[in-house]
Amino acid sequence: MAVIKVRMSKLRKAKSVEDSRHKSASREPKEGQSSNPKRANGEAPVEPQQREVCAFCDDGGELICCDGGCLRSFHPTKEHGERSMCTTLGLNEAKWQKHKALGEKGLYFCENCKHKQHQCFACGLLGSSNLTAGPEVFQCKEQKCGHFYHPGCVAKILYPDNKAKATCFEQCVAGGLEFSCPVHKCKRCKEAENKHDKEMQFAVCRRCPTVYHRKCLPRDISLIEDEEEATPQRAWDGILPDQILIYCGKHEIQEELGTPKRDHIVFPDVRNPGAAERHRGAPQRHDIPDEDELLDRLASCNPSQSPQPAETDRSRVKPIDSFAPKHLFPRPHPGSCGWLDD
């Protein structure tokens, strides 16, 4: 388990950009610490940007880091989240002290990682991420990412103007093809990040897969509040290392919080184990073809011949099957951020 202390950086309109600067007191995982067991293959330790702030409120403070695949950090107790009005994990003091006493010998897994039920970062719905028992959501292959997607959701974002290509890509992802998700290319210029060039560093939305370079930021995503235009602050520099933290225009800023509503994280309802059962027809591990075959299939897709869509995750996962609350299902598509009806 990793416990880190990050300077508080409350995202309130009364705070200046300089006041919101903070750095982690201990970013490097200690020896023996598992920051991402799924990729424990001797590579360099994962230290994602998500570690820097709480996944609930996007603020710093004393955080507990999940050692599972999601790569997130959380405020553990109500006391830790008071200043930022964070909902927190709600751990009682005894449980929190027990975690702290274990130190690096202990591991913490959030409810999503513990039950292998993760949210799609595009639509917000929960799906099984159990690769041995019929996965519904698949994780981006980038080591420091941590985001999961339904095959249909990520396909529609990556190939918005080519339905045939999107369908073929959806089938490949459902079959096990590794992919890089949309947060690794600028939405405007489609280029990757270059942390050594400040203008080419990313501005990352904390609520959906929207990313811009600094130089590509739209004018309505501002680092300052415009009271005359009644435009709220949507961007904060110095909170994430070498990146800008933003909320894109799809998310309404709550004046009292300085952030969008903090109802975006959904944990599995472990009291209803039947709801977590995998759906029939989901691909099994022994059904997954090798990567060369999948890449050949994707490359051979003919836009003039639309393949019949397979029974993939997006078609199987309906709002009634999800643990997510009803307010995450605006018509015409289920989702929390509007990606799927762009």
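In this text the structure is predicted, and so the values were computed from the model without any measurement.

Definitions and cut-offs
Residues numbered from 1 in each chain as written. Predicted model: local features only at pLDDT ≥ 70, side-chain atom pairs only at ≥ 80, totals over all residues. Heavy atoms only, no water. Helix = DSSP H or I, 4+ residues; strand = E, 2+ residues; numbered from the N terminus. Contact = heavy atoms within 4.5 Å. Areas by Shrake-Rupley, 256 points an atom, 1.4 Å probe, with all protein chains shown as cover. Core = buried A, V, L, I, M, F, W, Y, C linked by side-chain atoms within 4.5 Å. Buried < 20%, exposed > 50% of the residue type's maximum accessible area, 1.4 Å probe, protein only. Phe/Tyr/Trp six-rings, centres within 6.5 Å; stacked < 30°, edge-to-face > 60°. Pairing = 2+ DSSP bridges. Axes fitted to C-alpha atoms, helices over the stretch in contact; angles between N-to-C directions. Polar contact = N/O pair within 3.5 Å; in protein donor to acceptor, adjacent residues only side chain to side chain.

Visitor: So what exactly am I meant to see when it comes to the overall build of the protein chain here?
Guide: Looking only at helices and strands, the protein chain has six helices and 11 strands in total. Taking as baseline every contact in the protein chain between residues at least 6 positions apart, the subset at least 24 positions apart corresponds to 63%. Accessible surface for the protein chain amounts to roughly 17,400 Å². Of this, 48% is attributable to carbon and sulfur atoms.

Visitor: What should I look at first to understand the nonpolar core in this one?
Guide: Inside soluble globular proteins, nonpolar side chains tend to come together where they are buried. In this structure, Tyr 149, Phe 179 and Ile 246 are the most contacted members of the largest nonpolar core, which totals 38 residues. At the level of elements, strand E7 (148-149), helix H3 (151-158), helix H4 (163-174), strand E8 (202-205), strand E9 (211-213) and strand E11 (244-246) are the ones that each hand at least two residues to this core. Within the second largest apolar cluster, 17 residues are counted, among which are Cys 54, Cys 57, Cys 70 and Leu 91.

Visitor: Just checking my understanding: could you explain the packing of aromatic side chains for this structure?
Guide: For any two aromatic rings, the description comes down to two numbers: the centre-to-centre distance and the angle of the planes. For the coordinates displayed, the defined rule picks out seven aromatic pairs. The interplanar angle of 55° and the centroid separation of 5.4 Å between the aromatic rings of Phe 56 and Phe 74 together place this pair among those described as tilted. Residue Phe 56 is located in the loop between strand E1 (2-6) and strand E2 (61-65), and its partner Phe 74 is located in strand E3 (residues 73-74); the two are separated by 18 residues in the primary sequence. On the basis of relative accessible area, Phe 74 is assigned to the buried category, the value being 0%. Measuring from ring centre to ring centre gives 6.4 Å for Phe 121 and Tyr 149, while their planes differ by 80°; the resulting arrangement is edge-to-face. Of this pair, Phe 121 sits in the loop between strand E4 (117-119) and strand E5 (126-128) while Tyr 149 sits in strand E7; the two residues are 28 residues apart in sequence, bridging distant segments of the chain. The same class applies to Phe 121 and to Tyr 149, which are both buried. An aromatic cluster is present here, built from Phe 56, Phe 74 and Phe 267 joined pairwise through their rings.

Visitor: What is the right way to look at the sheet that holds E8 in this model?
Guide: In a beta sheet, neighbouring strands are held together by backbone hydrogen bonds and run either parallel or antiparallel to one another. Reading across the sheet, the four strands line up as E9-E8-E11-E10 and stay open at both edges, with mixed pairing between neighbours. The two strands at the open ends of the sheet, each matched to only one other strand, are E9 and strand E10 (235-237). Pairwise comparison of adjacent strand axes, ignoring direction, gives a mean angle of 20° for this sheet. As defined by bridge partners, E8 adjoins E9 across three bridges and the pair is classed as antiparallel. From the neighbouring strand, Ala 203 faces E9, where its bridge partner is Tyr 212.

Visitor: It is not clear to me how the environment of Gln 233 should be interpreted in this structure. Could you clarify?
Guide: Structurally, the position occupied by Gln 233 is in the loop between E9 and E10. Expressed as a C-alpha distance, the spacing of Gln 233 and Leu 223, which sit 10 residues apart in the sequence, is 5.7 Å. In terms of polar contacts, Gln 233 uses its side chain to reach the backbone carbonyl oxygen of Leu 223, at 3.1 Å. A distance of 3.0 Å separates a polar atom in the side chain of Gln 233 from the backbone oxygen of Ala 235.

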